[in-house]
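Survey of secondary and tertiary structure
What follows is each chain in one-letter form.
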Amino acid sequence: MTFATLRLRHGLMAAAVAVALVAAGPAWAWYLDPVTPVAHEVRTLFFKALALTGGFFILAEVLVLVAVLRFRARPGVPPATFHENVRLEILWTAIPAITLVILAGPTFTTLKYMETVPKSDLTVEVIGHQWFWEYRYPEHGVVFANEPLVVPQGKIIAADVSSIDVVHSWFVADFGVKMDANPGRVNHTWFEVERTGTFRGQCAELCGVLHGDMHIEVRVVTPEEFDRWIEQKKRGA
Ligand SMILES: [Cu+2]
């Protein structure tokens, strides 16, 4: 293979990756349209992190460019060979370190907020199986699998997440929820969805050959619709 065809091949591959990233739009829908208080918090934290650290990225890239362009060897000019500047190194270690300490504040606040399940209106049990999701409504005696989870809008839902076999992860990006489903242990999370609609997620822990089939669908309906739906389910419909 010649160098030119290799280059073409790499170019095509890069283009394919770029197209795939754009096509993966729904994967970052949470960031355009978060639907729970937690998802809003997560997005705000993301922006804070970006604002605090973005400058360092730009500064570092500019410095690299300046160094490459200014100090390289040119015909008749030897490359610069200076190195080390203790004061500069202390400075550019200390400032980012302080920034991370500052960022730790909102990060721990958000984590605490995600982890503290408020007094809930409804409890659902989410159980991972190889390779499908089972849902239980213990207050209503309703159990089913391989169907969308249905929850009322504007209510606080406590989700108890576990697994009967291997580690799975219940991940619904629009909710800001990604909770590991471990066998022999119950993890607690919560969400309060602001609007009705259908939200999709995916098992986010490689759990075997059909991992990719472990889709999640959550239907958020009005509380009245939910009451009707759960009554129907109780009757075994
Ligand atoms: Cu899984």
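Residues numbered from 1 in each chain as written. Predicted model: local features only at pLDDT ≥ 70, side-chain atom pairs only at ≥ 80, totals over all residues.

**Section: the pairing of strand 3 (residues 142–145)**
In regular strands, side chains alternate between the two faces of the sheet. The condition is simple: At least two bridges found by DSSP between two strands are what make those strands a pair. Strands are runs of DSSP state E lasting at least two residues, helices are runs of H or I lasting at least four, and both sets are numbered from the N terminus onward.
Two elements, strand 2 (residues 132–137) and strand 3, share four bridges in a ladder whose sense is antiparallel. Counterpart to glutamate 134 in the pairing with strand 3 is alanine 145. Remark: four residues form the turn of the hairpin made by strand 2 and strand 3, two consecutive strands paired antiparallel; glycine 141 in that turn has positive phi of roughly 65 degrees.

**Considerations on the nonpolar core**
The criterion, for reference: Think of a nonpolar core as buried Ala, Val, Leu, Ile, Met, Phe, Trp, Tyr and Cys residues chained together by C-beta atoms that fall within 7 Å. Counts of 20 or more other C-beta atoms within 10 Å of a residue's own C-beta define buried residues, counts of 12 or fewer define exposed ones, and intermediate counts define partly exposed ones; C-beta atoms are placed from the backbone. It is the C-beta atoms, placed from the backbone, that decide contacts: two residues are in contact if theirs lie within 7 Å.
By size, the foremost hydrophobic cluster in this structure holds 32 residues, and its most contacted members are Val38, Val124, Val126, Val151, Phe175, Val177 and Phe191. Contact partners of valine 126, with chain neighbours within four places excluded, come to Trp133, Tyr135, Ala159, Asp160, Val161, Trp170 and Ala181.

**Digging into the packing of helix 3 (residues 37–71) against helix 4 (residues 86–115)**
Selection rule: Axis lines are fitted through C-alpha atoms, for helices just across the contact stretch, and the angle between N-to-C directions can take any value from 0 to 180 degrees. Orientation is classified from the angle alone, with under 35 degrees giving roughly parallel, over 145 giving roughly antiparallel, 65 to 115 giving roughly perpendicular, and any other angle giving oblique. Ten residue types, Ala, Val, Leu, Ile, Met, Phe, Trp, Tyr, Cys and Pro, are classed as nonpolar, four, Asp, Glu, Lys and Arg, as charged, and the remainder, Gly among them, as polar.
Here helix 3 crosses helix 4 at 175 degrees, and the two axes come no closer than 10 Å. When the axis of helix 3 is compared with that of helix 4, the two are roughly antiparallel. Residues Val38, Glu41, Val42, Leu45, Lys48, Ala49, Leu52, Thr53 and Phe56 of helix 3 touch helix 4, and the partners they reach there are Pro96, Thr99, Ile102, Leu103, Pro106, Thr107, Thr110, Tyr113 and Met114. Looking at the contact of helix 3 with helix 4, its residues break down into 12 nonpolar, four polar and two charged.

**Notes on the sheet that holds strand 3**
Strands sit in the order 3-2-1-5-8 across an open sheet of five strands; the sheet is mixed. A single partner strand is all that each edge strand has here, and the edge strands are strand 3 and strand 8 (187–191). On average, adjacent strands in this sheet sit at an angle of 25 degrees to one another, irrespective of strand direction. By the bridge criterion, five bridges tie strand 5 (residues 157–163) to strand 8 in an arrangement that is antiparallel. Within strand 8, the position partnered with alanine 158 by the bridge is tryptophan 190.

**Concerning unusual backbone geometry**
Residue tryptophan 131 is reached from glutamine 130 by a cis peptide bond, and omega for that bond is 0 degrees. Along the chain, the position of tryptophan 131 falls in the loop between strand 1 (122–129) and strand 2. In the Ramachandran plot, glutamate 84 falls in the positive-phi region, its phi being about 70 degrees despite a non-glycine side chain. Mapped onto the elements of the fold, glutamate 84 is located in the loop between helix 3 and helix 4. With a phi angle near 60 degrees, asparagine 146 is a residue other than glycine that sits in the positive phi range. Residue position: asparagine 146 is located in the loop between strand 3 and strand 4 (149–152). Since 10 C-beta atoms lie within 10 Å of it, asparagine 146 is described here as exposed.

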